[in-house]
Amino acid sequence: MVERILVQGNEAVGWGALSAGCDAFFGYPITPQNEIPEWFSREFPKRGKIFVQSQSEIASIMMVYGGAAAGFRVMTSTSSPGWALMQEGMSHLAAAELPCIIVLVQRGGPGQGSIRHAQMDYLCTTRGGAGGYKNIIVAPASVQETHDLVQLAFYLADKYRNPVIVLSDGILGLIRESLEIKTMDFGPLPEKDWAVRGRERHKDKNFRFVHSGVGTAAVLTRGYPNYVSWLEHMADKYEQMESELKYESYQAEDAELFLVAYGYPARVCKEAVNMARTEGLKVGLFRPITLWPFPYQLIKGKAESGGKFLVVEDSLGLMVEDVRMAVQGQAEVHFLGMQSRHLPTDGGMILPSRVLEEIRRLSTDEER
Amino acid sequence: MARGMIIINEANCLGCGYCEKFCSRGCILIPGDKFSPQGYLLPVFANPDRCNACGVCNWMCPHFAIEVYRYIENQGAESS
Amino acid sequence: MKTEKVWAALNVLVFSPPCPGCQYWTIGRIIAEVLEELDIEDKAIAVMGIGCNGYVSNPLNIDRVLGAHGRPPDTATAIKRLSPDNIVFTVQGDGDCMAIGAGSFIGALIRGEKFTIIMCNNANFGTTGGQLAPTTLTGQITTTTPDGRSVITEGYPVHTAELAATFRGVAYSARGAVNNPASYQRTKKYLKAAFQKQVDQIGLSFVEVLSACPTNWHLSPVESLKWIEDTVIPEFPLGEFKNVNRID
């Protein structure tokens, strides 16, 4: 019997984490993701799992560090200003190669920004933070997908011993949709023999040392002769992570104009594509599901066969840089962003009618 | 009559002088003319017959450069 | 003649010794003795801060985690909550604990986490060359207070053990030193009592240990111990500031 409930995207994070066997949630209040720590505070303790409200996001991410170091499935969530605070912890997690997931429910920025939706953290998530690490980012576009991708994120984090970001936004977090709760199995994972559990729990009775200081002599404790050889291992790992590429293609087979969008604008674009198709316009949508790795080859291929691109992102132009990089100058890349919101306020959204207007304009230009 | 003895591990010694300061029986002295290969001033077990194996030099040495042995009657030495 | 080392072997994880006269290996050795005597070595997990206090962990043959500067109490919170049967303790310096880590420290004190925090106090930021730290004494010259710590611009040294004692979730707070054999044994008693609080699951235990830093104090090792006795201990008195067997 399929269990379906009607929940917000933020709550779907919790149900997904539960299905994934998450052991602990550490978090701090920040709008528009407060439903996430509140969900965990209600649902985790009674199931014998750990919930801690920390004193700051700096603390949350370092609690994640500890839980991950001890071999548990742990996570945190935040919004954009809190994400800024987590940069220190992210760098250490990446260096210590600790698996965990971070759910980032984007809001307007920079600084305190707005408390409502936006998509302004694309670069500071896809490019990694201090120290040049990389991490996989999965971006849902529905409540169901939020639940599903949280589970995939836990799997990928364990598979690669790397943090994984689940990138949502203030709209996806708060809309209410039907959710089918299910446990997803992505395959077997190796044991976490490297985790700190107390010497008595290690078969070889040797102590374990989890640390983020791999640029010094400490790298010897990780089994690498020097810093650069460890960096080579990291480069290999990042290359393997690129095989986890995921995207959705919608009406793109015969398209001449390709919309590129993720998150709530992707749903808006789907609607716009539908409307445009009724007018005979050959437009399709590419929705990256992993923002890193990014579908560069896919876009390059379409660029080489004469396609045009319209990137729709609720920002001043962030993902558009990746699309421009992908086309390598061989195609036109246009951008529709925050300045096209239906209202010039924090509550303004990019709406299908506006995207359709742009599709029409770009399609008309073609006939010149 | 000595109740114990010490061994100074000269490779570990960094010449801090705590052993000379804390030995309450004056067993350990720093003569000032004995150096380790790195140039640290080394102590010597100058008055071994006063040693009672109290172990204080071993506690206070911050570089684990002193081992202390207590003599057991008719059975040879035991470490402390 | 048999040699049997009383404390954990020093062949683990030693890249280099600390400075001549630094007492961090001594503190580490005391912790090793306490863990062994309480028979909790196999369950112990150390969460290390950043700094010379890292040397404290060298004599310990136990699982350890090293993360970001100042954050051990957060990291330890997660480990202890997820794995409460492990004996979890942090080893931090005075800067790690009360400068950059003050927020983390206070968070753990407020929540009354049931682990042990050990703060090694040498009144400066040692590893980076001897800068001002929260526990630097008034008038003490450091590389960032070349004219001596001024109370006008740098405030007064913080009394961490006394501060920790004011939190309701703290079961034990003490300050020790290792400037002479008597202090060594007292500090060992304090550390043993602190770990016992964790074994008995009472509340957070905190021990501050004064330590010599001859290199950055620009004193010889023996002079450093004298400075601790004459100047540091009067400012930072030794003793237990809180010792309760239940938290209400």
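Residues numbered from 1 in each chain as written. Chains lettered and ligands numbered in written order. Predicted model: local features only at pLDDT ≥ 70, side-chain atom pairs only at ≥ 80, totals over all residues.

**Some thoughts on the sheet that holds strand β1 (residues 44–48) of chain C**
Cut-off, in case you're wondering: A pair of strands is considered paired only if DSSP assigns at least 2 bridges between the two. Only DSSP runs of H or I reaching four residues or more are called helices, and only runs of E reaching two or more are called strands; each is numbered from the N terminus. Orientation is described by lines fitted to C-alpha atoms, with helices fitted over the stretch in contact, and by angles between N-to-C directions that extend from 0 to 180 degrees.
Read from one edge of the open sheet, eight strands run β9(A)-β2(C)-β1(C)-β3(C)-β4(C)-β6(C)-β5(C)-β7(C), paired in mixed fashion. Each end of this open sheet is capped by a strand with a single partner; those strands are β9 (209–211) of chain A together with β7 (239–243) of chain C. Adjacent strand axes in the sheet meet at a mean angle of 15 degrees when their direction is disregarded. Two strands pair when backbone bridges link them, and strand β5 (residues 170–177) of chain C and β7(C) are joined in this way by four bridges, in the antiparallel orientation. Residue C:Ala174 lies in a different strand from β7(C), and its bridge partner there is C:Glu240.

**Some details on the domain arrangement of chain A**
Residue and element names in this part refer to chain A. Using the following cut-off: These domain limits were set by an automatic method or by a database of domain assignments. Throughout, a residue-residue contact means that the two C-beta atoms, derived from backbone geometry, are no farther apart than 7 Å.
According to the domain assignment, chain A consists of domain 1 (4–180) and domain 2 (247–366). Distance between the C-alpha centres of domain 1 and domain 2: 27 Å. Taken together, the 21 residues of domain 1 in the interface contact 19 residues of domain 2. Sorting the residues of the side of domain 1 that touches domain 2 by element identifies α6 (122–126), β6 (136–138), β7 (163–169) and α8 (170–174) as the ones contributing at least two each.

**Description of the interface of chain A and chain C**
Rules: Basically, the charged four are Asp, Glu, Lys and Arg, the nonpolar ten are Ala, Val, Leu, Ile, Met, Phe, Trp, Tyr, Cys and Pro, and anything else, Gly included, counts as polar.
Of the residues lining the interface, 35 residues belong to chain A; the matching set on chain C comes to 29 residues. Looking at the side of chain A that touches chain C, the elements with two or more residues in it are β2 (24–27), β3 (50–53), α3 (57–69), α5 (87–96) and β9 of chain A. Considering every element that reaches the side of chain A that touches chain C, the biggest residue donor is α3(A), with seven residues. When its residues are assigned to classes, the side of chain A that touches chain C shows 17 nonpolar, 12 polar and six charged.

**Considering unusual backbone geometry**
Of the consecutive residues A:Gly109 and A:Pro110, the connecting peptide bond is found in the cis state with omega at -5 degrees. For A:Pro110, the position within the fold is in the loop between β5 (100–106) and α6. Residue A:Pro293 is bonded to the preceding A:Trp292 through a cis peptide linkage, with omega at 0 degrees. Inspection of the secondary structure puts A:Pro293 in the loop between β13 (290–292) and α11 (296–304). Even without glycine at this site, A:Lys205 takes up a positive phi of about 60 degrees. Inspection of the secondary structure puts A:Lys205 in the loop between β8 (176–180) and β9. With phi around 55 degrees, C:Gln201 is a residue other than glycine that occupies positive phi space. For C:Gln201, the position within the fold is in the loop between α7 (181–199) and β6 (204–210).

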